[in-house]
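# Examining the three-dimensional arrangement
Residues per chain are reported as follows:
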Amino acid sequence: MPTVVVMDVSLSMTRPVSIEGSEEYQRKHLAAHGLTMLFEHMATNYKLEFTALVVFSSLWELMVPFTRDYNTLQVVLVTDGCLGIGRGSLRHSLATHSQRSESNRFPLPFPFPSKLYIMCMANLEELQSTDSLDCLERLIDLNNGEGQIFTIDGPLCLKNVQSMFGKLIDLAYTPFHAVLKCGHLTADVQVFPRPESFVVDEEIDPIPKVINTDLEIVGFIDIADISSPPVLSRHLVLPIALNREGDEVGTGITDDNEDENSANQIAGKIPNFCVLLHGSLKVEGMVAIVQLGPEWHGMLYSQADSKKKSNLMMSLFEPGPEPLPWLGKMAQLGPISDAKENPYGEDDNKSPFPLQPKNKRSYAQNVTVWIKPSGLQTDVQKILRNARKLPEKTQTFYKELNRLRKAALAFGFLDLLKGVADMLERECTLLPDTAHPDAAFQLTHAAQQLKLASTGTSEYAGYDHNITPLQTDFSGSSAERM
């Protein structure tokens, strides 16, 4: 995930640190040395990583801004652990954060998913001699416990600062290298961003699941059959060329740009299975099912950034034997050649998916499924068609409206409710002069009810609540005809 580096440049960071046999250093010099090490590591191994740098004391300044907007960030705070004194200090802010107004709220927890890593230019004994360590731990707790505090082991010196930043790199910035396999074909790849461990159920199976470094392709399937499945995360799959010692070719930091470009050109001329796979999936309109671990799968596919540029992507399904119900159990999928008849037909004009249940249960009923955009579009158009035939189609209109409402609430698709409400209001403005007066009342009433449901907090937002026709002076005669 992208990184925001926040560096403390307050007066306390200028305190001198005596290092035997060398010139006098300040704590901010040690911090700059550690950050240089971190940035060089990113330049070598995380070339796609975006980083912003912020320095602060009593004021703050954005030194290096992001070039894109992000929903998830990794925050690295570099400080000496001094909390300051008086109003506006960290100690005072932590003591009064619950009393602040919304316009002057404490920045933690961040309003976006994040991890907070605090790099202290001090050793543990120095922090424990005051209440600094407790306050810093409280910062982590306020950020939902996502993060960690790092301190210098031993005396303050360049070597120990490097060791501390090395621990951060090992924890959060180690590139994920894997081997992509398909039969006898293999390719060394980097998966970016690094896949996070995943806990299926904290009570039943609390052990985090980690994907294998051997990613084996077990089969291929049409994009139309896989459709738009739910996934845990998406990652770029980048080919890397390795030399005999196992180091990456053309990824190191060199003083001579010509040597680096030459190494990249040599690596680009070496045949690579990853490039072959990407081109094949793009041309054939298929995805590759890849084994991530025991009963855990994902898919490889071509993702287009523009008309001329595309990338090989990998999406992770939820662990389990049947992550996509319409495909059935992954272990039961097999090649077409094993089937008695071609499940796609002789002319490849049909599909065996989605699978139909073997036994139709007595309590089975039609459910709303929006796997494809066309399904959602059909349901919305059905509501609009009935809306234009009010009041004759009042009962059908509200039946379809409630069906869509329940599905949207079940999926957490609250924006859909507001969108349909806006459509109904627009239909109301487009009613002809010859339209029945009750039509405008019913459309306005239905739009208001959907907007209340879209807030998620109203008493009308309950799943079991049904929108009923508005009783007006005009609705009695039309209701009698129906």
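Described below are features of the structure shown in this document.

Reading the values: the criteria
- Residues numbered from 1 in each chain as written.
- Predicted model: local features only at pLDDT ≥ 70, side-chain atom pairs only at ≥ 80, totals over all residues.
- Heavy atoms only, no water.
- Helix = DSSP H or I, 4+ residues; strand = E, 2+ residues; numbered from the N terminus.
- Contact = heavy atoms within 4.5 Å.
- Areas by Shrake-Rupley, 256 points an atom, 1.4 Å probe, with all protein chains shown as cover.
- Axes fitted to C-alpha atoms, helices over the stretch in contact; angles between N-to-C directions.
- Parallel < 35°, antiparallel > 145°, perpendicular 65-115°, else oblique.
- Left-handed = near helix turned anticlockwise from the far one by under 90°.
- Phe/Tyr/Trp six-rings, centres within 6.5 Å; stacked < 30°, edge-to-face > 60°.
- Buried < 20%, exposed > 50% of the residue type's maximum accessible area, 1.4 Å probe, protein only.

### Here we look at the overall build of the protein
- Counting secondary structure elements, the protein contains 13 helices and 15 strands.
- A sequence separation of at least 24 residues applies to 67% of the contacts in the protein between residues at least 6 apart.
- As displayed, the protein offers around 28,900 Å² of accessible surface, 52% of which is attributable to carbon and sulfur atoms.

### Quick look at the packing of helix H10 (residues 394-411) against helix H12 (residues 437-454)
- The interhelical angle for the contact between H10 and H12, taken along N-to-C directions, is 10°, at an axis separation of 11 Å. Here H10 is positioned roughly parallel relative to H12, judged by the angle of their axes. The two elements H10 and H12 meet at a crossing, and its hand is right-handed. Residue-level contacts link Phe397, Tyr398, Leu401, Arg405 and Leu409 of H10 to Gln442, Leu443, His445, Ala446, Leu450 and Ala453 of H12.

### Concerning the packing of aromatic side chains
- The full count for this structure, using the stated rule, is three aromatic pairs.
- Taken together, a centroid distance of 5.5 Å and an interplanar angle of 65° make the contact between Trp370 and Phe411 edge-to-face. Of this pair, Trp370 sits in the loop between strand E15 (310-316) and helix H9 (373-387) while Phe411 sits in helix H10, and the two are 41 residues apart along the sequence.
- By relative accessible area, Trp370 is classed as buried at 16%.
- Each ring, one from Phe397 and one from Tyr398, has its centre 5.1 Å from the other, and the planes form 80°; the classification is edge-to-face. Here Phe397 and Tyr398 have matching classes, each one buried.

### Quick look at the environment of Ile289
- With respect to the helices and strands, Ile289 occurs in strand E13 (residues 286-293).
- Note on Ile289: relative accessible area 6%, which makes it buried.
- Excluding anything up to four places from it in sequence, Ile289 contacts Glu216, Ile217, Val218, Gly219, Ile221, Ile226, His297, Gly298, Met299 and Met330.

### Observations concerning unusual backbone geometry
- In this model, Phe192 is joined to Pro193 through a cis peptide bond whose omega is -5°.
- Along the polypeptide, Pro193 turns up in the loop between strand E10 (185-192) and strand E11 (214-222).
- Along the chain, Leu390 connects to Pro391 via a cis peptide bond; the corresponding omega equals 5°.
- At Asn144, a residue that is not glycine, the phi angle is positive and equals roughly 60°.
- Its place among the elements puts Asn144 in the loop between helix H4 (132-142) and strand E8 (147-152).
- Its identity as a non-glycine residue notwithstanding, Ser227 has a phi of 60°, on the positive side.
- Locating Ser227 in the fold gives a position in the loop between helix H6 (223-226) and strand E12 (233-239).
- With a relative accessible area of 18%, Ser227 lands in the buried category.

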